[in-house]
Structures are given as C-alpha cells and as structure tokens.
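Understanding the architecture of this molecule
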Amino acid sequence: MNNRYLIPANTKRSMLIFGLFKPVDIIIFVIGGSLTAILIAALGTDTPAQVLVGLAPLLISVVMLSPVPNHRNFWTFTVNVYTYFTSQRKYRWRGWCMLRGEDKEQ
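Here is a short report on the structure shown in this document. Bear in mind the structure is a predicted one, so any value in this text is a computation, not a measurement.

Considering the overall build of the protein chain
If you tally the helices and strands in the protein chain, you get three helices and two strands. Its helices and strands in sequence order give the protein chain the pattern α-α-α-β-β, from N to C terminus. Burial status across the protein chain gives 12% buried among its 106 residues. Carbon and sulfur atoms provide 66% of the accessible area of the protein chain, an area that totals close to 9500 Å².

In structure tokens form, the structure reads like this:
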C-alpha cells in the first residue's frame, strides 16, 4: 500500500473565517462600520457630501477587504507603502566603500 497523503489545494482556506478572512479583516470591517455609524449620527444626511463623508470609512474597509485576486499581495503592498511613509528615512549602510561611516581614503 502506498503511504502517501494527498493534501488538498485549499487547506489554508479552512483556517480563515468564511474561507476568506482573517480575524484582523473582521476587526477592520467592524471599525469601519462603527466609524460610519458614528459619523452619520454626528454629521447627519442632509447633503450628498455629508453622506459620502459618513460612508467613507465603511467604503474604504470594504475595498480593503474585497476578495479580489491576489488579495493578500495587495494587503501586503498596502502595509509596505504605509510603513515606508511612516518609518525612519535615514538608512545606515556599511558597504565595501565605507569603513565605519568614513571613507577609506582618509
């Protein structure tokens, strides 16, 4: 008897909520919905601009969580862009032409 096991292609999906979402995705959706409810209650719905501003958090969270192809790649790209713009910009590098931050020719 052959003792090999077949692993289905969708084994990782069973670890996700509804087969698509991680717990952090659900948290993002709940926060977006809560902010939307608070903004609509505070601003009202008198003009289309107020409705759009009120719905913006929910719309942004839905776009971030929509199951598009390469969803995780897009999410990782978004996190990398955010980290790039909010992190330290001074890079410390010592390559072949530098010796402890000084030129070798000195």
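What about the packing of aromatic side chains?
Overall, the coordinates contain one aromatic pair when judged by the stated rule. Measuring from centroid to centroid gives 5.2 Å for Tyr84 and Phe85, while their planes differ by 75°, and the two rings are edge-to-face.

Topic: a nonpolar patch on the surface
A surface patch of nonpolar side chains, about 550 Å² in accessible area, is lined by Ile17, Phe18, Ile26, Phe29, Val30 and Val62. The dominant element in the nonpolar patch, judged by the number of residues it contributes, is helix H1 (residues 23–43), at three residues. Mapped onto the elements, Val30 comes out in helix H1. Of the residues examined, Val30 reaches a relative accessible area of 47% and is grouped as partly exposed.

Quick notes on H1
For H1, which comprises 21 residues, the first-to-last C-alpha distance of 30 Å matches the rise-based estimate of 30 Å (1.5 Å per residue) to within 8%. Considered for burial, the residues of H1 that qualify are Asp25, Ile28, Gly32 and Thr36. Buried positions in H1, seen along its axis, are confined to an arc of 70° and lie on one side of it. Looking at H1, the residues exposed on the side facing more than 90 degrees away from the buried face are Pro23, Ile38, Ala41 and Ala42.

Describing the environment of Pro57
In this structure, Pro57 sits in helix H2 (residues 48–65). Taking the C-alpha atoms as reference points, Pro57 and Leu39, separated by 18 residues in sequence, lie 9.1 Å from one another. Beyond its immediate chain neighbours, meaning those up to four positions away, Pro57 contacts Gly32, Leu35, Thr36 and Leu39.

Cut-offs applied
Position labels on residues start from 1 in each chain and follow its written sequence. Owing to the predicted nature of the model, reporting of local features is limited to residues with pLDDT of at least 70; listing and counting of side-chain atom pairs is limited to 80 or more, with chain, interface and lining totals taken over all residues. Hydrogens and water are ignored here; the side-chain numbers use all heavy atoms of the structure. Numbering of helices and strands starts at the N terminus; helices are DSSP runs of H or I of at least 4 residues and strands are runs of E of at least 2. The buried label goes to any residue with under 20% of its type's maximum accessible area, the exposed label to any with over 50%, and the partly exposed label to all in between, with areas taken from a 1.4 Å probe on protein chains only. Method for areas: the Shrake-Rupley scheme with a 1.4 Å probe, in which residue coverage is limited to the protein chains shown. Any two rings among Phe, Tyr and Trp, with Trp reduced to its six-membered ring, count as a pair given centres within 6.5 Å; such a pair is stacked if its planes are under 30 degrees apart, edge-to-face if over 60, and tilted if neither. Distance thresholds for patches are 9 Å for like charges and 5 Å for nonpolar side chains (Val, Leu, Ile, Met, Phe, Trp, Tyr), applied to residues having over 30% relative accessible area and no salt bridge. The salt bridge criterion pairs a side-chain nitrogen of Lys or Arg with a carboxyl oxygen of Asp or Glu, the two atoms within 4 Å. A helix is expected to span 1.5 Å multiplied by its residue count minus one. Read the arc as the range of directions from the helix axis to the C-beta atoms. Contact definition: two residues touch when any of their heavy atoms are within 4.5 Å.

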